[in-house]
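One-letter residues, chain by chain:
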Amino acid sequence: MCRSTLAFFTAACVCLQNCRPGLAPFFRAAWVFSVVLGLSQSENNRCASSNAVSCSRCLALGPECGWCTQEDFISGGSRSERCDIISNLISKGCSTDSIEYPSVHVIPSENEINTQVTPGEVLIQLRPGGEANFMLKIHPLKKYPVDLYYLVDVSASMHNNIEKLNSVGNDLSRKMAFFSRDFRLGFGSYVDKTVSPYISIHPERIHNQCSDYNLDCMPPHGYIHVLSLTENITEFEKAVHRQKISGNIDTPEGGFDAMLQAAVCESHIGWRKEAKRLLLVMTDQTSHLALDSKLAGIVVPNDGNCHLKNNVYIKSTSMEHPSLGQLSEKLIENNINVIFAVQGKQFHWYKDLLPLLPGTIAGEIESKAANLNNLVVEAYQKLISEVKIQVENQVKGIYLNITAICPDGTRRPGTDGCRNVTSNDEVLFNVTVTMKKCDVTGGKSYAIIKPIGFNETTKIHIQRNCSCRCENSGEPKRKCVDETFLDSKCFQCDEHECHFDEDQFSSESCKSHQDQPVCSGRGVCICGKCLCHKIKLGKIYGKYCEKDDFSCPYHHGNLCAECFSSPSYLRIFFIIFIVTFLIGLLKVLIIRQVILQWNTNKIKSSADYRVSASKKDKSILQSVCTRAVTYRREKPEEIKMDIGKLNAHETFRCNF
């Protein structure tokens with residue numbers, strides 16, 4: 001409605017500009033304007049307008065496109081008709097058996113072995129532009145087996161806290177019985193790298209860093225695994241009782257070195273696959289980060305592998321500290337949840353690290369670790385009440401969009417998951433897998449979704465459907481390439497399939513002039529030939545897609561060069577714009593003049609009224625107090641009285 005109104009309004013302006021009587025110029029201008037409006041609207045069907053001449057190219061356009069392989073399907077046309085949406089192909093006469101249309105499938109594994117995370121494996125078949133959805137379910141168990149490994153900073157400042165460990169075993173075991181029927185404890189110690197400037201290398205202090213304080217300290221060490229995970233609480237308490245303190249020079253400790261070894265040395269520590277793995281790090285100082293060890297001349301990056309020999313970390317003096325990213329990767333890979341039990345001012349330093357280390361919790365311990373057992377229990381409760389996931393082994397060209405559906409009904413986009421989850425709850429993750437293109441080669445063919453702290457994962461196998469059945473040698477010969485619209489030198493066909501090489505043809509052959517766009521900007525160049533777009537207004541054709549049947553008149557089949565693209569058309573456009581502006585301005589001026597004239601007449605009538613009234617008022621002022629005077633007026637706006645005859649301080653009174 002608006003478009004037709006604008007067209008006719010523009011037509012009227014053109015008629016005014018041309019000053020020609022009759023309706024012919026009017027309709028001619030309306031036609032030109034409607035053409036201009038329609039040029040920007042292209043066909044929504046990208047399949048049919050793409051001029052795809054091969055099955056694989058057609059399928060790459062989008063998930064709605066299909067290719068007809070039927071031999072006798074629409075021949076002799078001016079463009080390829082084999083690529084289109086399915087409903088159009090069927091309406092054009094293509095049988096459903098001859099339509100190449102790979103669909104998207106989600107196939108879960110038939111042999112499900114997971115109990116907490118399902119499905120354990122899923123196969124997803126994708127085509128270009130397609131997406132697939134599946135629901136990932138996580139159901140926490142009511143009581144997990146728990147492995148708790150104490151990793152303790154045994155520098156001299158931790159002396160009082162180490163003494164407290166002697167009595168934590170039995171009390172902690174009783175408290176954890178409410179959450180686990182199978183609880184085991186282990187123990188390890190760390191200080192720092194045993195090189196300068198981290199420790200004193202003076203001959204008298206090399207073996208006893210506490211000699212200045214008259215204390216008997218054990219030699220400094222990077223990390224020592226003292227006791228493997230055991231159910232024997234008495235054995236744990238004895239191991240802690242035998243532990244001596246040590247010392248170093250600088251303030252930061254080598255905690256991250258020890259944490260990585262405790263995480264990756266699974267057989268030494270005794271981590272169980274089915275257990276919740278807790279790594280309790282007790283310290284009162286910060287930890288060295290990657291690159292810190294360059295001060296000691298150690299430049300070899302940490303390789304992330306286990307290097308324990310006789311339960312001692314032997315690469316402490318030859319490999320750098322791990323980075324936070326590397327440490328996080330190894331903790332998640334080995335299903336380790338970390339509890340930082342920190343005393344003193346450094347608690348906030350570790351708290352700031354929590355976003356960088358998924359599955360970690362920081363708690364502040366009191367003097368002599370009086371609240372250590374309660375801290376462990378509270379941290380464990382919080383860990384098992386949170387369900388978070390992480391995507392590993394990302395597949396190149398495949399995109400995963402994840403939304404958590406929590407037990408309370410809330411939806412949380414991303415991998416942060418849900419909180420306050422109980423053993424009776426089930427957490428759902430809506431996983432959407434998308435593939436945009438097929439031009440990705442190499443890389444992994446599967447992705448892994450790993451719930452943090454769980455020993456089960458979901459493996460997503462990706463199968464890309466980028467080829468057509470008609471290209472397979474086992475299928476009967478079909479039309480996978482529409483060679484009608486290709487140069488014979490461009491494609492080659494054998495018994496089973498056809499393929500074409502576009503690189504040997506330059507796009508310059510698709511330009512009418514060197515400074516012109518390819519195919520006049522209204523088509524694509526394939527094998528040196530222009531295949532024109534299809535739009536709603538009509539057909540575009542010509543060697544360079546320079547002709548159409550809807551915009552300009554023709555003479556003996558030739559396009560009028562000055563009709564649409566010449567500067568005269570731009571002049572017409574600007575004339576229309578200027579005339580429209582002037583007409584609007586004229587209307588404003590006329591309306592303004594009418595309003596001013598009306599106000600002038602109104603003011604004049606009011607002035608005449610005031611003049612006559614004022615004369616009459618002056619003539620009767622002296623007798624106004626002795627007799628009543630009545631005025632009959634239609635619109636009495638004001639009455640002026642001359643009180644100049646009154647004496648000073650005289651009061652003017654009227655008695656009625």
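Cut-offs used in this document
Sequence order sets the numbering: in each chain, residues are counted from 1 along the sequence as written. It should be noted that, the model being predicted, local features are given only for residues of pLDDT at least 70 and side-chain atom pairs only at 80 or more, the latter also being counted only at that level, while totals for whole chains, interfaces and linings use all residues. Heavy atoms from the whole structure form the basis of all side-chain values; hydrogens and water molecules are not counted. The helix and strand labels rest on DSSP assignments: H or I over at least four residues marks a helix, E over at least two residues marks a strand, and numbering proceeds from the N terminus. Exposure categories follow from relative accessible area, calculated using a 1.4 Å probe and restricted to protein chains: below 20% of the type maximum is buried, above 50% is exposed, and the middle band is partly exposed. Under the convention used here, a 1.4 Å probe and the Shrake-Rupley method define accessible areas, while residue burial counts only the protein chains that appear. Any Phe, Tyr or Trp ring, taking Trp's six-membered ring, that has another such ring centre within 6.5 Å forms a pair; planes under 30 degrees apart are called stacked, those over 60 apart edge-to-face, and the others tilted. A helix is expected to span 1.5 Å for every residue after the first. Contacts are assigned to residue pairs with any non-hydrogen atoms lying within 4.5 Å of each other. Note: two strands are recorded as paired if DSSP finds a minimum of 2 bridges between them. Lines are fitted to the C-alpha atoms to define the axes, a helix being fitted only along its stretch in contact, and any angle between axes, read from their N-to-C directions, falls within 0 to 180 degrees. Relative orientations are named as follows: roughly parallel for angles under 35 degrees, roughly antiparallel for angles over 145 degrees, roughly perpendicular for angles from 65 to 115 degrees, and oblique for any other angle. Cysteine sulfurs are considered disulfide-paired once they come within 2.5 Å of each other. Buried residues of nine kinds, namely Ala, Val, Leu, Ile, Met, Phe, Trp, Tyr and Cys, make up a nonpolar core once their side-chain atoms join them within 4.5 Å. Salt bridges are identified by distance alone: a Lys or Arg side-chain nitrogen within 4 Å of an Asp or Glu carboxyl oxygen. Residues adjacent in sequence count toward polar contacts only when both atoms are side-chain atoms; beyond that, a polar contact is any pair of N or O atoms within 3.5 Å, and within protein one must be able to donate a hydrogen and the other to accept it.

A. The overall build of the chain, seen in detail. If you tally the helices and strands in the chain, you get 15 helices and 30 strands. Residue burial in the chain is summarised as follows: out of 656 residues, 43% are buried. As presented, the chain carries roughly 35,800 Å² of accessible surface, and 53% of it is formed by carbon and sulfur atoms.

B. Main features of the packing of aromatic side chains. Considering all chains together, one arrives at 8 aromatic pairs under this definition. Ring geometry for F187 and F236: centres 6.5 Å apart, planes at 85°, overall edge-to-face. Here the residue F187 occupies a position in strand β9 (residues 183-190), and F236 occupies one in helix α8 (residues 233-242), the gap between them amounting to 49 residues. Of the two residues, F187 and F236, neither departs from the other in class, the shared state being buried. Centre to centre, the rings of W349 and Y350 are 4.9 Å apart; their planes meet at 80°, and the pair counts as edge-to-face.

C. Geometry of helix α13 (residues 372-384). Its 13 residues place the ends of α13 19 Å apart at the C-alpha level, agreeing with the 18 Å of an ideal helix rising 1.5 Å per residue. Among all positions of α13, only L372, N373, L375, V376, V377, A379, Y380 and L383 are buried. Contact partners of the buried residues in α13: β8 (146-153), α7 (168-176), β11 (276-283), β14 (336-342) and β15 (360-364).

D. Fine view of the environment of K351. Mapped onto the elements, K351 comes out in helix α12 (residues 347-351). In sequence terms K351 and A362 are 11 residues apart; their C-alpha atoms lie 5.8 Å from each other.

E. Summary view of the sheet that holds strand β19 (residues 427-435). Sheet architecture is open: 5 strands sit in the order β5-β7-β19-β17-β18, paired in antiparallel fashion. If you trace the sheet from one side to the other, it starts and ends with β5 (117-118) and β18 (411-413), each paired once. Looking at chain direction, strand β17 (residues 398-405) and β18 are connected through 3 bridges and run antiparallel. The residue of β18 that forms the bridge with A404 is R412.

F. The pairing of β14, seen in detail. Counting buried positions along β14 yields 7 of 7 residues, so the element is predominantly enclosed. Side chains I336, V338, F340 and V342 project from β14 onto one buried face, and the interleaved N337, I339 and A341 project onto a second face that is buried too. Where β14 lies against β15, 5 bridges are found, and the strand directions are parallel. Bridge pairing in β15 places F340 opposite A362.

G. Representation of the side chain of T434 within the structure. Structurally, the position occupied by T434 is in strand β19. On the accessibility criterion, T434 (19% relative accessible area) is buried.

H. Molecular detail of the packing of α7 against α8. Across the interface, α7 lies against α8 with an axial gap of 8 Å and an inter-helix angle of 140°. On the basis of the axis angle, α7 is oblique to α8. Note on element contacts: α8 touches α7 through I233, F236 and E237, opposite V168, G169, N170 and S173.

I. Region of the structure containing the state of the cysteines. Using the criterion set out here, one finds 7 disulfides in the structure. Covalent S-S linkage joins C68 and C94, the inter-sulfur distance amounting to 2.1 Å. On the sign convention where negative means left-handed, the S-S torsion of about 100° between C68 and C94 marks this disulfide as right-handed. Taken together, the residues C68 in strand β1 (residues 65-68) and C94 in the loop between α5 (86-91) and β3 (99-100) connect sequence positions 26 residues apart. Accessibility expressed as a relative area gives 0% for C68, which makes it buried. The class of C94 is buried, set by a relative accessible area of 3%.

J. Layout of the nonpolar core. If you look at the biggest cluster of nonpolar residues, it comprises 67 residues, and the most contacted ones within it are Y150, M282, L372 and F429. Residue contributions to this core peak at 7 residues, all from α13. Filtering out sequence-adjacent residues up to four positions away, L372 remains in contact with Y150, L165, V168, L280, M282, A341 and I365. Counting residues in each nonpolar core, the second largest holds 32 residues, with A258, I269, F340 and V342 among its members.

K. Molecular detail of the pattern of salt bridges. Across all of its chains, the model carries 10 salt bridges by this definition. One salt bridge in this structure joins E266 and R277, with 2.9 Å as the shortest N-O distance. A residue pair is termed long-range when its members are at least 10 positions apart, and E266 in helix α10 (residues 266-269) and R277 in strand β11 qualify at 11 residues. For R277, a relative accessible area of 4% translates into the label buried. Notably, a salt bridge pairs K330 with E333, separated by 3.8 Å at the nearest N-O pair. Within this pair, K330 and its partner E333 are both found in helix α11 (residues 324-333), separated by 3 residues, close to a single helical turn.

L. Representation of unusual backbone geometry within the structure. The peptide bond linking T118 to P119 adopts the cis configuration, its omega dihedral lying at -5°. With respect to the helices and strands, P119 occurs in the loop between β5 and β6 (121-126). In this structure, the amide linkage connecting S196 to the following residue, P197, adopts the cis form with an omega of 15°. Inspection of the secondary structure puts P197 in the loop between β9 and β10 (223-230). With a phi angle near 55°, N310 is a residue other than glycine that sits in the positive phi range. Of note, N310 is situated in the loop between β12 (308-309) and β13 (312-313). Looking at N310, the relative accessible area reads 71%, which means it is exposed. Phi at C545 is positive, roughly 55°, even though this residue is not glycine.

M. Highlighting the pairing of strand β27 (residues 538-541). Both β27 and strand β28 (residues 547-548) contribute to a ladder of 2 bridges, which runs antiparallel. Looking at the pairing, Y541 lines up with K547 of β28.

N. Region of the structure containing the side chain of S155. Mapped onto the secondary structure, S155 falls in the loop between β8 and α6 (159-164). Taking the relative accessible area as the measure of exposure, S155 reaches 3% and is therefore buried. Within the structure, S155 has its side chain in polar contact with the side chain of D153 (distance 2.9 Å). Within polar-contact distance, the side chain of S155 engages the side chain of E253 at 3.4 Å. Contact partners of S155, with chain neighbours within four places excluded, come to I245, S246, N248 and E253.

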